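Structural overview for review
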Amino acid sequence: MRALESVVQLAMGLWVGAAAGFALGAPKIFAAFGSDRQAAGDLAGDIIYLLNNAGLLLGAVALLALLPRLRSGINKVRLVLLLGCIGIALTTWLYIFPQMERAQPPEPIQNYAETAPLRVAYNRWHTLSERVAAAGMLLGTGVIVLGPFAEDRRGRR
């Protein structure tokens, strides 16, 4: 059973670590592109899309490894947290990404005034996506942090 716990920890560590790495590195993307914020945003968006899809795959792996270990109350809590992570990734993929795509103005966002309806709508979805991603990272961190406290069927940690 320790092998299954290692799989859960590895999958969740990769998912949360990749998301945290992107959150820390995103400002560097925008700095590297200088005034071409549109190109930087396009690259960042592509990376976020890939990270979200990888997260769904890693979440499925973690789920399959966690299911046989549900006798522990801690693992039941971890299951709820993991399902929250997967739910957030699915919501992002199926709802938030399409809404952001629809709200994307035809010209670079910096060409619009801060109060322009197109920019306001896009910024609203962008802010929501950031908050949802942060919530997913927190839930995923919970799955990881609670791992050492979970017991297997024999009562071992």
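Residues numbered from 1 in each chain as written. Predicted model: local features only at pLDDT ≥ 70, side-chain atom pairs only at ≥ 80, totals over all residues. Heavy atoms only, no water.

A few words on the nonpolar core. Residues Val 8, Met 12, Trp 15, Leu 82 and Val 143 are the most contacted members of the largest nonpolar core, which totals 15 residues. Contributions of two or more residues to this core are made by α1 (2-33), α2 (37-66) and α3 (73-103). In contact with Leu 82, not counting residues within four places along its chain, are Met 12, Trp 15, Gly 59, Ala 62, Leu 63, Leu 66 and Val 143. Judged by nonpolar contacts, the second largest core, of eight residues, contains Ile 88, Ile 96, Met 100 and Ala 103. (Core = buried A, V, L, I, M, F, W, Y, C linked by side-chain atoms within 4.5 Å. Buried < 20%, exposed > 50% of the residue type's maximum accessible area, 1.4 Å probe, protein only. Helix = DSSP H or I, 4+ residues; strand = E, 2+ residues; numbered from the N terminus. Contact = heavy atoms within 4.5 Å.)

For the rest of this paragraph, the subject is the pattern of salt bridges. Inspection of the entire model under this criterion finds three salt bridges. Taking the shortest distance from any N to any O, the salt bridge between Glu 5 and Arg 69 comes out at 2.3 Å. Pair noted here: Glu 5 is in helix α1 and Arg 69 is in the loop between α2 and α3, with a separation of 64 residues, a long-range link. The exposure classification of Glu 5 matches that of Arg 69, with both residues buried. A single salt-bridge network, built from bridges that share partners, covers Glu 5, Arg 69 and Arg 78. (Salt bridge = Lys/Arg side-chain N within 4 Å of Asp/Glu carboxyl O.)

Mapping Arg 124 onto the fold places it in helix α4 (residues 117-146). Using a relative accessible area of 52% as the deciding quantity, one classes Arg 124 as exposed. As for Arg 124 and Leu 139, which are separated by 15 residues in sequence, their C-alpha atoms are 23 Å apart.

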